[in-house]
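Descriptive structure summary
Each chain, written out:
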Amino acid sequence: MKKNRTLSIYIVLLMAVILLLFLNICVGSVKVPFSEAIMSLVGKNKDTSFYDIVMLIRFPRAVGAIVLGGGLSLAGFALQSFFHNPIAGPYLLGISSGAKLTVALLFVFAANMVPSAAYGAKIICAFLGAFLAMGFVLLCSKKINNMAMLLVCGIMIGYICSAVTDFVVTFAKEADIVNLHNWTKGSLSGLTWMDDLVLSVIILVASFGLLALSKPLSAYAMGENYAKSVGVNIKRFRVMLVIISSLLAATVTAFAGPVSFVGIAVPHIVRGLTKSTKPIVLIPACFIGGGAFCLLCDFVARVILSPVELSISTVTAFFGAPVVIYILIQRRKRA
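Residues numbered from 1 in each chain as written. Predicted model: local features only at pLDDT ≥ 70, side-chain atom pairs only at ≥ 80, totals over all residues. Heavy atoms only, no water.

The next subject is the overall build of the chain. A count of helices and strands for the chain gives 14 helices and zero strands. Put simply, the chain runs from its N terminus to its C terminus through helices and strands in the order α-α-α-α-α-α-α-α-α-α-α-α-α-α. Taken against the 2.2 N^0.38 rule, which gives 20 Å for 335 residues, the C-alpha radius of gyration of the chain at 20 Å falls within 12% of a compact globule. Overall, the chain is about 65 × 55 × 35 Å in size when its C-alpha atoms are taken along their principal axes. Buried residues in the chain amount to 52% of all 335 residues. Of the contacts formed within the chain by residues at least 6 apart in sequence, a portion of 74% connects residues at least 24 apart. Accessible surface for the chain amounts to roughly 16,500 Å². Of this, 69% is attributable to carbon and sulfur atoms. A gap of 22 Å separates the mean positions of the 27 positive and 11 negative side-chain charges of the chain. (Helix = DSSP H or I, 4+ residues; strand = E, 2+ residues; numbered from the N terminus. Rg over C-alpha atoms; globule rule 2.2 N^0.38 Å. Buried < 20%, exposed > 50% of the residue type's maximum accessible area, 1.4 Å probe, protein only. Contact = heavy atoms within 4.5 Å. Areas by Shrake-Rupley, 256 points an atom, 1.4 Å probe, with all protein chains shown as cover. Lys, Arg positive; Asp, Glu negative; His and termini not counted. Charge placed at Lys NZ, Arg CZ, Asp CG, Glu CD.)

Have a look at this one:
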């Protein structure tokens, strides 16, 4: 019965991704007929303007939304498993803000030495920032046992990183300030096929790495002592979890800027849908669900005030914040 339910949820989530994918491709400031979208996808109308809109702008952006949404959801799932807290996430814990700060430093002060579009430079800088922010959170966790206070520390780290980022942006060239401002608010605009290729390789490798940790994750959820009793190397397991979650959050931030609440909301929604606590079930569902969630949010960001485009974080916060409030209320009731 549970297997049938899980399979049904997977099918529903995949159908949602496909439906939202075509919605993102067809709807916008220029409407693309469904038949033209299909013809563009199969490469049969390369000479029309619809082909350029679909294949050079909307389709790579939609693919990026799926992969980045999936990666951010898994980062949130990994952090929630690490801290045993359902509202732990890369944005609230300041990890995304740490990545944002180091990438902004690259854009502003090292653009002449290293091209700001260099994928390796962006990802390395974002990873270092995410890892440093995560390190501060871990240091705080050794002194603070209360998870609520630890969350507050993460939020404060995020605010500090955001404040320093805003200060750094003031030194940017006048022509780059608008782009930097949009990027720091979170945006999928301008994603190309090359961007999709790079971020897909990194995020999929990290995702399979997390999937490989399914058994240790299940044991760790039962408590450290139980995990040790079944042979889990706790120190190595924690290091792997920190590296994977930081890499996922850093990659998303490098390409799309900091995107809020996806890493918290989606894992919780998926748990509710699947009625499962097994990582082997939740990890694929989180990835697919995160892709669908980001496709929906990006669609709203593009269309609701067209031709003006909202930042994706504005929309993800609108949909994700109520989920966090619901989690807090439910935890309060159980206390």
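Time to look at the environment of Gly-186. The topology assignment puts Gly-186 in the loop between helix H7 (174-185) and helix H8 (193-212). Residue class for Gly-186 comes out buried when judged on its relative accessible area of 0%. Taking the C-alpha atoms as reference points, Gly-186 and Thr-253, 67 residues apart in sequence, are found 8.0 Å from one another. Contacts of Gly-186, omitting those with residues within four sequence positions, involve Ala-256, Gly-257, Pro-258, Ser-311, Ile-312 and Ser-313.

Going through the model one piece at a time under the given rule, you end up with three salt bridges. For Arg-61, the salt bridge identified is with Asp-298, shortest N-O distance 2.8 Å. With a gap of 237 residues between them, Arg-61 in helix H3 (residues 49-83) and Asp-298 in helix H13 (residues 279-303) connect regions that are remote in the sequence. Taking the relative accessible area as the measure of exposure, Arg-61 reaches 8% and is therefore buried. (Salt bridge = Lys/Arg side-chain N within 4 Å of Asp/Glu carboxyl O.)

Leftover empty space is mapped by rolling, across the atoms, a probe with the size of a water molecule. All told, the structure shown has three cavities of 30 Å³ or more when counted by the stated rule. Size it by volume and the largest cavity reaches roughly 50 Å³. Along the walls of the largest cavity sit Leu-72, Gly-89, Pro-90, Tyr-91, Leu-92, Val-259, Ser-260, Phe-261, Val-262, Gly-263 and Ile-264, which together make up its complete lining. If one sorts the elements of the lining of the largest cavity by residue count, helix H12 (residues 262-274) sits on top with three residues. When its residues are assigned to classes, the lining of the largest cavity shows eight nonpolar, three polar and no charged. (1 Å grid on protein atoms, 1.4 Å probe; cavity = no way out; pocket = protein on both sides within 12 Å on 5 of 7 lines; lining within 4 Å. Points joined across faces, edges and corners; volume = space filled by probe spheres on them. Nonpolar A, V, L, I, M, F, W, Y, C, P; charged D, E, K, R; others polar.)

This next bit is on helix H9 (residues 214-221). What H9 keeps buried is the set Ser-214, Pro-216, Leu-217, Ala-219 and Tyr-220. As for H9, its buried residues are in contact with H3, H8, helix H10 (224-229), helix H11 (234-256) and H13.

Let us now look at the nonpolar core. Phe-83 and Leu-210 are the most contacted members of the largest nonpolar core, which has 109 residues in total. Sort the elements by how many residues they give to this core and H3 lands first, with 18 residues. Those residues in contact with Leu-210 that sit more than four places away from it in its chain are Leu-74, Phe-77, Ala-78, Leu-217, Leu-241, Ile-244 and Ile-283. (Core = buried A, V, L, I, M, F, W, Y, C linked by side-chain atoms within 4.5 Å.)

Moving on, we come to the side chain of Thr-165. Its location among the elements puts Thr-165 in helix H6 (residues 147-169). On the basis of relative accessible area, Thr-165 is assigned to the buried category, the value being 0%. Not counting chain neighbours up to four residues away, the residues in contact with Thr-165 comprise Lys-100, Leu-101, Ala-104 and Thr-184.

With 15 residues, helix H4 (residues 95-109) should reach 21 Å at 1.5 Å per residue; the first-to-last C-alpha distance of 21 Å fits that figure. Most of H4 is tucked away, with 13 of its 15 residues classed as buried. (Expected span 1.5 Å × (residues − 1).)

Running from N to C, H3 and H12 cross one another at 80 degrees; their axes reach a closest spacing of 7 Å. Here H3 is positioned roughly perpendicular relative to H12, judged by the angle of their axes. For the pair formed by H3 and H12, the contact residues are Gly-69, Leu-72, Ser-73, Gly-76, Phe-77 and Gln-80 on the first element and Val-262, Gly-263, Ile-264, Val-266, Pro-267 and Arg-271 on the second. Here the contact of H3 with H12 is composed, by residue class, of six nonpolar, five polar and one charged. (Axes fitted to C-alpha atoms, helices over the stretch in contact; angles between N-to-C directions. Parallel < 35°, antiparallel > 145°, perpendicular 65-115°, else oblique.)

Bringing the packing of H8 against H9 into the picture now. Where H8 meets H9, the closest approach of the two axes is 5 Å, and the angle between their N-to-C directions is 55 degrees. Between H8 and H9, the crossing angle belongs to the class labelled oblique. Contact residues: H8 offers Leu-210, Leu-211 and Ala-212, while H9 offers Ser-214, Pro-216 and Leu-217. Split by residue class, the contact of H8 with H9 holds five nonpolar, one polar and no charged.

Let us now look at the packing of aromatic side chains. On inspection of all chains with the given rule, the structure shows seven aromatic pairs. On the numbers, 5.3 Å between centres and 55 degrees between planes, the contact of Phe-22 with Phe-34 is tilted. With Phe-22 in helix H1 (residues 2-26) and Phe-34 in helix H2 (residues 34-41), the pair connects residues that are 12 residues apart, well separated along the chain. (Phe/Tyr/Trp six-rings, centres within 6.5 Å; stacked < 30°, edge-to-face > 60°.)

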